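# An overview of the molecular structure
Chain by chain, the residues run as shown.
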Amino acid sequence: MMEEKTYEYCPWCGTESEISANEPTPCPNCGHILNPCSTCYDHLDGYKECDWTEEKGCWRFPKEEL
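The present account deals with the structure reproduced in this document. (Residues numbered from 1 in each chain as written. Predicted model: local features only at pLDDT ≥ 70, side-chain atom pairs only at ≥ 80, totals over all residues. Heavy atoms only, no water.)

The next thing to look at is the environment of Glu23. The topology assignment puts Glu23 in the loop between β2 (16-20) and β3 (25-26). On the accessibility criterion, Glu23 (42% relative accessible area) is partly exposed. When the C-alpha positions of Glu23 and Cys13 are compared, they lie 20 Å apart, and in sequence the two are 10 residues distant. If sequence neighbours within four positions are ignored, Glu23 has contacts with Glu3, Leu34, Pro36 and Phe61. (Helix = DSSP H or I, 4+ residues; strand = E, 2+ residues; numbered from the N terminus. Buried < 20%, exposed > 50% of the residue type's maximum accessible area, 1.4 Å probe, protein only. Contact = heavy atoms within 4.5 Å.)

Moving on: the packing of aromatic side chains. On inspection of all chains with the given rule, the structure shows one aromatic pair. Seen from their ring centres, Tyr47 and Trp59 are 6.3 Å apart, and the 90 degrees between their planes marks the pair as edge-to-face. Of this pair, Tyr47 sits in the segment after β4 (33-34) while Trp59 sits in the segment after β4, and the two are 12 residues apart along the sequence. (Phe/Tyr/Trp six-rings, centres within 6.5 Å; stacked < 30°, edge-to-face > 60°.)

With respect to the element layout, Gly57 can be found in the segment after β4. Judged by its relative accessible area of 5%, Gly57 is buried. In sequence terms Gly57 and Asn35 are 22 residues apart; their C-alpha atoms lie 9.4 Å from each other.

In this section: the layout of surface pockets. Gaps left between atoms show up when a probe the size of a water molecule is rolled over them. In this structure, the largest pocket encloses a volume near 400 Å³. Considering the residues around the largest pocket, the lining is formed by 17 residues, among which Trp12, Ile33, Leu34, Asn35 and Trp52 are closest to the centre. In terms of residue class, the lining of the largest pocket is made up of 11 nonpolar, three polar and three charged. (1 Å grid on protein atoms, 1.4 Å probe; cavity = no way out; pocket = protein on both sides within 12 Å on 5 of 7 lines; lining within 4 Å. Points joined across faces, edges and corners; volume = space filled by probe spheres on them. Nonpolar A, V, L, I, M, F, W, Y, C, P; charged D, E, K, R; others polar.)

So, about the pattern of salt bridges. Under the defined criterion, the tally for this structure stands at two salt bridges. Salt-bridge contacts for Glu3 lead to Lys5; the nearest nitrogen and oxygen are separated by 3.7 Å. You can call Lys5 partly exposed: its relative accessible area is 44%. The closest approach of N and O atoms between Lys63 and Glu54, which form a salt bridge, is 3.6 Å. The class of Lys63 is partly exposed, set by a relative accessible area of 43%. (Salt bridge = Lys/Arg side-chain N within 4 Å of Asp/Glu carboxyl O.)

Shown next as structure tokens:
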């Protein structure tokens, strides 16, 4: 089965790159982690409005507590 991909803009290096649509992925240009935010607008089960923060992450990809 082929992995689903999406395109995301990287605010750190200013490029748009193809990344995984199912998990955070390092930007292939600068290495910063990109979330597949554009896929949240696809009809996902349990969809919620964006609640991303630097400290907590988001509802789909929360940061692990230390």
